[in-house]
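# A structural walkthrough
Residue strings, one per chain:
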Amino acid sequence: MSPIGKLFKWGTFAYEAFLAIPFLGGAFVVANAWVPLGVAFLLHIVAVVILAGERGHILGNIVGIITSVVALIPVVGWIMHTLTAIILLVEGLADSRRRPRY
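To keep things clear, this report deals only with the structure shown in the data block. (Residues numbered from 1 in each chain as written. Predicted model: local features only at pLDDT ≥ 70, side-chain atom pairs only at ≥ 80, totals over all residues. Heavy atoms only, no water.)

### What about the nonpolar core?
If you look at the biggest cluster of nonpolar residues, it comprises 6 residues: Tyr15, Leu19, Val29, Leu37, Ala40 and Ala71. Listed by contribution, the elements that provide at least two residues to this core are α1 (3–19) and α3 (35–53). Apart from residues lying up to four places away in sequence, tyrosine 15 is in contact with Phe28, Pro36, Val39, Ala40 and Leu43. (Core = buried A, V, L, I, M, F, W, Y, C linked by side-chain atoms within 4.5 Å. Buried < 20%, exposed > 50% of the residue type's maximum accessible area, 1.4 Å probe, protein only. Helix = DSSP H or I, 4+ residues; strand = E, 2+ residues; numbered from the N terminus. Contact = heavy atoms within 4.5 Å.)

So this is what it looks like as C-alpha cells:
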C-alpha cells in the first residue's frame, strides 16, 4: 500500500475513533453543525477511490460512508462510528502485515 493509502486508512480510523468517543464525539459534531459528518463522508469517498486503485481493503471506508449518513441519529451514530473504527483498525493492521507491492 502506498504512503497515501496508509495515510487515508489510518487517518479515517483516527477520525472515526474520535467521533466514537461517547459524548465528546457527539458534542463535536453538534457544536460544528454536523459538518464533521460531511467531512468524514468526503474522506471516506476519497479513501475508497485511492484504496480501490491500489487493491486495498475498502470495506471499512464503505461502512464509513454509510455511517456518515446514518450518524444523524445520536445513538445509532455512536454505534456506527465505533463499528467503523474497529473495522478500519483491523484492515489497517492487516494491510501493515502484507508485503509491499513494487
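### What about the pattern of salt bridges?
Per the counting criterion, the structure on display carries 1 salt bridge. Residue glutamate 91 is joined to lysine 9 by a salt bridge in which the shortest nitrogen-to-oxygen separation is 2.5 Å. Remark: lysine 9 occurs in helix α1 and glutamate 91 occurs in helix α5 (residues 74–97); sequence separation between them is 82 residues. As far as the burial class goes, glutamate 91 and lysine 9 line up, both buried. (Salt bridge = Lys/Arg side-chain N within 4 Å of Asp/Glu carboxyl O.)

### Describing the layout of surface pockets
One number sums up the size of the largest pocket: a volume of about 310 Å³. If you trace the largest pocket, you find 17 residues lining it, with Gly25, Gly26, Pro74, Val75 and Trp78 closest to the centre. When residues of the lining of the largest pocket are traced back to their parent elements, those giving at least two are α2 (24–31) and α5. Looking at the lining of the largest pocket, its residues break down into 13 nonpolar, 4 polar and no charged. (1 Å grid on protein atoms, 1.4 Å probe; cavity = no way out; pocket = protein on both sides within 12 Å on 5 of 7 lines; lining within 4 Å. Points joined across faces, edges and corners; volume = space filled by probe spheres on them. Nonpolar A, V, L, I, M, F, W, Y, C, P; charged D, E, K, R; others polar.)

### Looking at the packing of α1 against α3
Taken N-terminus to C-terminus, the directions of α1 and α3 make an angle of 150°; their axes are 10 Å apart at the nearest point. Compared by their axis directions, α1 and α3 come out roughly antiparallel. For α1 against α3, the interelement crossing comes out left-handed. Taking contact as the criterion, the partners of Ile4, Gly5, Phe8, Lys9, Thr12, Tyr15 and Glu16 in α1 are, on α3, Pro36, Val39, Ala40, Leu43, His44, Val46, Ala47, Ile50 and Leu51. Classifying every residue of the contact of α1 with α3 gives 11 nonpolar, 3 polar and 2 charged. (Axes fitted to C-alpha atoms, helices over the stretch in contact; angles between N-to-C directions. Parallel < 35°, antiparallel > 145°, perpendicular 65-115°, else oblique. Left-handed = near helix turned anticlockwise from the far one by under 90°.)

### Structural notes on the packing of α3 against helix α4 (residues 59–70)
To characterise two packed helices, one gives the angle between the axes of the helices and the distance between these axes. Running from N to C, α3 and α4 cross one another at 160°; their axes reach a closest spacing of 8 Å. In terms of orientation, α3 and α4 fall into the roughly antiparallel class. The way α3 lies across α4 gives a crossing that is left-handed. Residue-level inspection shows Leu37, Ala40, Phe41, His44, Ile45, Ala47, Val48 and Leu51 of α3 in contact with α4, the latter providing Asn61, Ile62, Gly64, Ile65, Ser68 and Val69. The residue makeup of the contact of α3 with α4, split by class, is 10 nonpolar, 4 polar and no charged.

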